[in-house]
Amino acid sequence: MTLHQTQFPATPRKTSKAADILLLVFFLVSILGMLAVSLFLSLSTLVQMNMDVPWVPPLDSPLPSFMLAAGLFFSGLLLIPSAWQALRALNDKPDEPFHFPPLRPVVLVIYVVVWIIVAVIAQFSAETRLAWLYLPLLAIPGMAIPVFILVRLGTHRLSLGTRQRAAAIFGLGLVAGPLLASILEIIGYFFSLLAGALLFAIKPEWQQTWEQLSRQVERAPDLDQVLLLLSPLLMDPLVIALILLVVSVFIPIIEELVKPVGLWLLRRNPPTPAEGFALGVLSGAGFALLESLLAASSSGGDWGLAFGARIGGGIMHIFNTGLMGWAIARYYHDRQFKPLLRTYLLVLLLHGAWNGITIGTVIGGLKVLSAPGQVDLAGGQRAVTACAQA
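Before going into details, it helps to say that this report is about the structure given with it. (Residues numbered from 1 in each chain as written. Predicted model: local features only at pLDDT ≥ 70, side-chain atom pairs only at ≥ 80, totals over all residues. Heavy atoms only, no water.)

**With respect to the overall build of the chain**
Part 1 of the reasoning: Counting its regular elements, the chain contains 14 helices and zero strands.
Part 2 of the reasoning: Along the chain, helices (α) and strands (β) appear in the sequence α-α-α-α-α-α-α-α-α-α-α-α-α-α when read from the amino end.
Part 3 of the reasoning: Looking at the chain residue by residue over its 390 residues, the buried ones come to 45%.
Part 4 of the reasoning: Sequence-distant contacts in the chain: of pairs separated by 6 or more residues, those separated by 24 or more amount to 83%.
Part 5 of the reasoning: Carbon together with sulfur atoms contributes 71% to the accessible area of the chain, which is approximately 20,400 Å² in total. (Helix = DSSP H or I, 4+ residues; strand = E, 2+ residues; numbered from the N terminus. Buried < 20%, exposed > 50% of the residue type's maximum accessible area, 1.4 Å probe, protein only. Contact = heavy atoms within 4.5 Å. Areas by Shrake-Rupley, 256 points an atom, 1.4 Å probe, with all protein chains shown as cover.)

Take a look at the structure:
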């Protein structure tokens, strides 16, 4: 793959008024929606912590709600530059070429040291009384710093086209990519539920077993106990095969198509392949960041390990989307479909392999949880931490 392609024309800087209006409306609605949901979650959780509401179940822990609220609030703030640039484009304000300055080694070291300090504090202070207050604040740099470093390294000495285009691509990767992926995955899960209902109709005894297991899971005090209850089912070879089919085939097929959503929209004004790679990195970073921030709301107690576990997923998302951005840009220039197809199959393989390794780690962790007296090299980490990588 060659990023610097001199035979391709420079990126046009002008978009249509309709596209600028749609982008601006989308970003404004996303900002308001994220901030509103964040505020609602925070206020409702505070009410549950301090008041007994008859129709509301008791709150086990306020931390997941505050984690989700902090992630949505931070994501909403990140969209403000995208909305601002869309407004400038709509008003025909001058645009300019954009690229990140080189990341100096001393600055990189500072970022890494800050991240390590944040991860260590989160790891060893998660059980304190005020963890619900400061852990969400620690989760933001814990998840965002690695993504920022990967973006700076992945776009080193590469042009991102123009400032307005870069802001739009990042904003779409942050919101539109996860939204489209969630919609398509929900549709897939709906058909899976239909298949499960049909299976229960054929095998009524399975439905009784599932209902009994569901009641036990509802009474489980924490995620470790949930995984322990589910371990006999999850370690069944047929169930493992079905899980791998979903997470290593179905999910990658969807996510690798929608992560570069902004690049697919540039058919009339395509970037150069080098810019496509850089913009793909930016779009993948937005996707990875939101996924990490939302996943933090369901992580276990090992917060420092969870921050570290997300780095691998961030590398995979950012690198894969960069490759797809390069392939999409090249296809729009030379109309050769085979390089695009080969690249798509490659990122599917990488994504599927990563998810498969994660599932293997989870299964190893389940073996450790269900048989703590035995040593399992595949389950070196706790299953909860492994789940944070998915």
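Alright, that's what it looks like, and here's the rest.
**Focus on the nonpolar core**
A general feature of soluble globular proteins is that nonpolar side chains tend to end up buried together.
Part 1 of the reasoning: In terms of nonpolar packing, the biggest core is built from 66 residues, with Leu135, Leu160, Trp303 and Phe307 touching the most fellow members.
Part 2 of the reasoning: For this core, the element with the most residues is helix 5 (residues 131–154), which contributes eleven residues. (Core = buried A, V, L, I, M, F, W, Y, C linked by side-chain atoms within 4.5 Å.)

**What to know about the pattern of salt bridges**
Part 1 of the reasoning: Under the defined criterion, the tally for this structure stands at five salt bridges.
Part 2 of the reasoning: Across the salt bridge formed by glutamate 256 and lysine 259, the nearest N and O atoms sit 2.8 Å from each other. In this structure, glutamate 256 and lysine 259 share a single accessibility class: buried.
Part 3 of the reasoning: Put simply, aspartate 334 and arginine 330 hold a salt bridge, and the shortest N to O gap is 3.2 Å. With aspartate 334 and arginine 330 both in helix 12 (residues 303–334), this residue pair falls four residues apart, about one helical turn. (Salt bridge = Lys/Arg side-chain N within 4 Å of Asp/Glu carboxyl O.)

Everything listed here is a matter of coordinates, which is why it stays silent on function.
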